[in-house]
Every structure is written in structure tokens, then in C-alpha cells.
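Structural description and commentary
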Amino acid sequence: GEHLEADAYHKAMQDPETVIIDVRNAYESAIGNFQPPENGATLIDPKMRNSIEFPKWLNSEETQKQLTGKKVLMYCTGGIRCERATALLNQMATVKEEF
């Protein structure tokens with residue numbers, strides 16, 4: 001995936017055809033999250049206890065419906081979590097043409 005600087009990320013959050021996935025653990029997400037502007041992107045919280053749950057969540061029919069045709073932004077607290085999540089999403093996008 002492409003790394004965005006803060007100003008580009010905030011601008012992308014204004015697009016209603018964008019979804020934002022909070023890739024952090026559920027307890028981190030409960031503390032707070034990015035709030036997209038009104039009529040902007042949609043925030044999705046997978047409510048994961050750990051990153052091992054992400055592939056199952058990503059493959060669910062409900063998640064697929066939320067992501068189809070959308071630009072996807074992600075955020076996390078750092079480390080490898082976003083890198084792994086982005087790689088999985090990109091891999092799925094090459095398999096599923098409707099993405």
C-alpha cells in the first residue's frame with residue numbers, strides 16, 4: 001500500500017467513497033479513533049483481539065460488501081500490523097476483481 005502523510009490522509013477522509021479500517025486491537029480502538037468528517041469516509045472497526053483475526057474478518061461477506069468499490073485507508077499504532085493488513089488486502093484485490 002501507499003503511505004500517506006497526515007495532510008493527504010485527512011484529505012482522503014473527506015471522500016464518501018472511502019472506508020477507514022482501524023487495524024489496532026479492540027482495547028486500543030476503545031480508547032479512541034479517527035472520526036471522519038460528516039458526509040466523509042466510513043470508519044470500520046473490526047474489533048480484533050489480535051491481528052491473527054484480520055484475515056477471517058476481511059474474508060467475511062459483510063466486510064466484502066463494505067469494501068467493494070471503495071478506496072481503503074488503514075491506521076494502527078505502528079509496527080508490522082498495518083503492513084501485514086495492507087499486504088493481505090492487496091493480495092485479495094488481485095484475486096477478487098470486484099474489489
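Let me begin by describing the structure that accompanies this report. Model, not experiment: these values are computed from the prediction. (Residues numbered from 1 in each chain as written. Predicted model: local features only at pLDDT ≥ 70, side-chain atom pairs only at ≥ 80, totals over all residues. Heavy atoms only, no water.)

Observations concerning the pattern of salt bridges
- With the rule as written, the count across this model stands at 5 salt bridges.
- In this structure, the salt-bridge partner of Asp22 is Arg24, at a minimum N-O distance of 2.8 Å.
- The exposure class assigned to Asp22 is buried, which follows from its relative accessible area of 1%.
- Where Asp45 meets Lys47, a salt bridge forms, and the shortest distance between an N and an O atom there is 3.7 Å.
- Residue classification places Lys47 among the exposed residues on the basis of a relative accessible area of 57%. (Salt bridge = Lys/Arg side-chain N within 4 Å of Asp/Glu carboxyl O. Buried < 20%, exposed > 50% of the residue type's maximum accessible area, 1.4 Å probe, protein only.)

What about unusual backbone geometry?
- If you check the backbone angles, Asn39 has positive phi at about 65 degrees while not being a glycine.
- A relative accessible area of 66% places Asn39 in the exposed class.

Keep in mind these values describe shape, not function.
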